[in-house]
Amino acid sequence: MTIVRSRMSHLSGGGCADLSDTDSLQEWINMTGFLCALGGVCLQQRSNSGLATYSPPMGPVSECQGSMISVMSSEGNAGTPVSKCMDQLLSLMLCNHEKVGLQIRANVKDLVGLELSPALYLMLFNKLKNAISKFFDSQGQVLLMDTNTQFVEQTIAIMKNLLDNHTEGSSEHLGQASIEPMMLHLVRYVRVLGDMVHAIQIKMKLYQLVEVTMARRDDLLFCQEMKFRNKIVEYLTVWVMGTSNQAADDDVKCLTRDLDQASMEAVVSLLAGLPVQPEEGDGVELMEAKGDTVIS
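For every chain, the first residue of its written sequence is number 1, and the numbers climb from 1 along that sequence. Reporting of local features is limited, given that this is a predicted model, to residues whose pLDDT is at least 70; pairs of side-chain atoms are given and counted only at 80 or more, and all residues count toward the totals for whole chains, interfaces and linings. Based on all heavy atoms of the structure, the side-chain values leave hydrogens and waters out of the count.

Undergrad: How should I be thinking about the overall build of the protein in this particular structure?
TA: Within the protein, the regular secondary structure consists of twelve helices and two strands. Along the protein, from the amino end to the carboxyl end, the secondary structure elements read α-α-β-β-α-α-α-α-α-α-α-α-α-α. Residues classed as buried in the protein amount to 43% of the 296 residues present. Of all intrachain contacts in the protein linking residues separated by at least 6 positions in sequence, the fraction that spans at least 24 positions is 74%. All accessible areas in this document rest on Shrake-Rupley with a 1.4 Å probe, and a residue is counted as covered only by the protein chains that are shown. Carbon and sulfur atoms make up 51% of the accessible area of the protein, which amounts to about 15,300 Å² in all. Helix and strand assignments come from DSSP, with helices taken as H or I runs of at least 4 residues and strands as E runs of at least 2, each series counted from the N terminus. Whether a residue is buried, partly exposed or exposed follows from its accessible area with a 1.4 Å probe, protein chains only, as a fraction of its type maximum: under 20%, in between, or over 50%, in that order. Note on definitions: a residue-residue contact is assigned when non-hydrogen atoms from the two residues lie within 4.5 Å.

Structural data, given as structure tokens:
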């Protein structure tokens, strides 16, 4: 672990770690994948008898509370080795190393999204959410920067890989933290990216993430699922109506048509079985609203 963290520090801090040869890079990939896959063993508690026991996943949560933080969450234990390792790993999502930066970023995306121990999902979600929340100013305006956009794109890919990959035990751990704040931050950031080719590609990836999120919604924790889903629908439909068929370039027009289709598929996944959201203060009870669905 010390070796891997040392190499991570060099890369994230612009140091001189030499991973330019194939063998060294592959060694780093293998060791980092090992840490991702077995990192959950760091989440151990000692019982009264003094024996080390694995901390079991949290049970179903009936309500969302701001204080619902795991023993090894990023907020409460920022100085623990596993938290520091996760911080350094996520910093490599922006690695700009001259020789291996692209390969490092691609491998971090795959290793975190596909190999990470489910026991570390809560820590990952909290760290990603906290990082992306800093991409907005005090008035909620997007701080549009290349590094922020790169981090958002990597986060979308990681989350899609993680939700697509039905790792054993993942269902129990996905419900430990609400995914709503991070998803809303991602949508709010991506919608201001414009209509260049790269921006459209990021939007396509976000729509795919929305679909897979809805496909696994039974495994996820939502604080206000109806409100969340309606809000995402509102963002996506306004977004599409404001950008559709405005591109002058033929290639961009083709991508925009594909984007329109992807957005509608995402909206369908959000609306499927969604109870009609009552207007605030209209006296309609929530249970009555659940009787009316947009798509049955």
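Undergrad: Can you help me understand the environment of L274 in this one?
TA: With respect to the helices and strands, L274 occurs in the loop between α11 (250-271) and α12 (286-289). Its relative accessible area of 1% is what places L274 among the buried residues. Separated by 48 residues in the primary sequence, L274 and M226 place their C-alpha atoms 6.9 Å from one another.

Undergrad: I'm lost on helix α6 (residues 146-164) in this one. Help?
TA: Because an α-helix completes one turn every 3.6 residues, residues spaced three or four positions apart along the sequence face the same direction. Here the expected length of a helix is defined as 1.5 Å per residue gap, with one fewer gap than residues. Counted at 1.5 Å a residue, the expected span for α6 with its 19 residues is 27 Å, and the 27 Å between its end C-alpha atoms agrees. With respect to burial, α6 is a largely interior element, 14 of its 19 residues being buried.

Undergrad: Mind showing me how you'd approach the packing of aromatic side chains here?
TA: Two aromatic rings are characterised by how far apart their centres lie and by the angle between their planes. Think of it this way: a Phe, Tyr or Trp ring, Trp meaning its six-membered ring, pairs with another when their centres are within 6.5 Å, and the plane angle makes it stacked under 30 degrees, edge-to-face over 60, tilted otherwise. Scanning the model with the defined rule gives four aromatic pairs in all. Ring geometry for F135 and F151: centres 5.9 Å apart, planes at 85 degrees, overall edge-to-face. Note that F135 is positioned in the loop between α5 (121-133) and α6 and F151 in helix α6, a separation of 16 residues in sequence. For the pair shown, F135 and F151 are each scored as buried. Measuring from ring centre to ring centre gives 5.5 Å for F222 and F228, while their planes differ by 40 degrees; the resulting arrangement is tilted. By relative accessible area, F222 is classed as buried at 12%. Here a set of aromatic residues connected by ring pairs shows up, and it is made of F135, F151 and Y189. Whether a charge sits over a ring depends on NZ of Lys or CZ of Arg being within 6 Å of the ring centre and within 35 degrees of the ring normal. Across from the ring centre of F136, 4.3 Å away, lies the NZ or CZ of R188, which sits over that ring.

Undergrad: Explain a nonpolar patch on the surface to me, please; I cannot follow it from the model alone.
TA: A cluster of nonpolar side chains, contributed by F34, L38 and V41, occupies part of the molecular surface with about 290 Å² of accessible area. When you line up the elements, L38 lands in helix α2 (residues 22-38). Given the relative accessible area of 41%, L38 is considered partly exposed. Patch membership requires over 30% relative accessible area and the absence of a salt bridge. Like charges are linked within 9 Å, and nonpolar side chains (Val, Leu, Ile, Met, Phe, Trp, Tyr) within 5 Å. One side-chain nitrogen of Lys or Arg within 4 Å of one carboxyl oxygen of Asp or Glu is enough to make a salt bridge.

Undergrad: What exactly am I supposed to notice about the packing of α6 against helix α8 (residues 180-190) here?
TA: Helix-helix packing: each pair is described by the crossing angle between the helix axes and the interaxial distance. With axes taken as lines fitted to C-alpha atoms, and helix axes fitted only over the stretch in contact, angles between N-to-C directions fall between 0 and 180 degrees. Here α6 crosses α8 at 135 degrees, and the two axes come no closer than 11 Å. One finds that α6 runs oblique with respect to α8. Of the two possible hands of crossing, α6 and α8 adopt the one that is left-handed. Across the interface between the two elements, N148, T149, V152, T155, I156 and M159 of α6 pack against M182, L186, Y189 and V190 of α8. Each residue gets one label: Ala, Val, Leu, Ile, Met, Phe, Trp, Tyr, Cys and Pro are nonpolar, Asp, Glu, Lys and Arg are charged, and the others, such as Gly, are polar. The residue inventory of the contact of α6 with α8, partitioned by class, reads seven nonpolar, three polar and no charged. The cut-offs work like this: below 35 degrees is roughly parallel, past 145 is roughly antiparallel, 65 to 115 is roughly perpendicular, and the gaps in between are oblique. Note on convention: near helix rotated counterclockwise from far helix by under a right angle means a left-handed crossing. Clockwise means right-handed.

Undergrad: Before we go on, may I ask you to explain the nonpolar core in this structure?
TA: The nonpolar side chains of soluble globular proteins are, as a tendency, buried together. To form a nonpolar core, buried Ala, Val, Leu, Ile, Met, Phe, Trp, Tyr and Cys residues must be joined to one another through side-chain atoms within 4.5 Å. The biggest cluster of nonpolar side chains holds 72 residues, and the ones touching the most others in it are L124, L186, L209 and L236. Ranked by residue count, the leading element in this core is helix α9 (residues 197-215), at nine residues. Once you skip the residues sitting within four places of it in the chain, L209 turns out to touch I156, M159, K160, L163, M183 and L186.

Undergrad: What should I look at first to understand the side chain of K203 in this one?
TA: When you line up the elements, K203 lands in helix α9. With relative accessibility at 1%, the residue K203 sits in the buried group. The contact partners of K203, leaving out residues within four places of it in the chain, are V190, G194, D195, W239 and L259.

Undergrad: Whenever I open this one, the packing of α9 against α11 confuses me. Can you help?
TA: At a closest axis distance of 9 Å, the pairing of α9 and α11 adopts a crossing angle of 20 degrees. Considering their axes alone, α9 and α11 lie roughly parallel with respect to each other. By crossing handedness, the relation of α9 to α11 is classed as left-handed. Residue-level contacts link V197, I200, K203, M204, Y207, V210, E211 and M214 of α9 to V252, L255, T256, D258, L259, A262, S263, E265, A266, S269 and L270 of α11.

Undergrad: In this structure, what is going on with the pattern of salt bridges? I would like to understand it.
TA: If the charged atoms of two oppositely charged side chains come close together, the side chains can form a pair. Applying the stated criterion across every chain yields a total of eight salt bridges. We note a salt bridge from E153 to K205, for which the minimum N-O separation is 2.8 Å. Here the residue E153 occupies a position in helix α6, and K205 occupies one in helix α9, the gap between them amounting to 52 residues. Owing to a relative accessible area of 15%, E153 belongs among the buried residues under this scheme. Between D164 and K160 there is a salt bridge, with the nearest N and O atoms lying 2.7 Å from each other. Remark: K160 and D164 occur in helix α6; sequence separation between them is four residues, near one turn of the helix. Assessed through its relative accessible area of 39%, D164 is described here as partly exposed. A relative accessible area of 23% places K160 in the partly exposed class. Through salt bridges that share partners, R217, E225 and R229 make up one connected network.

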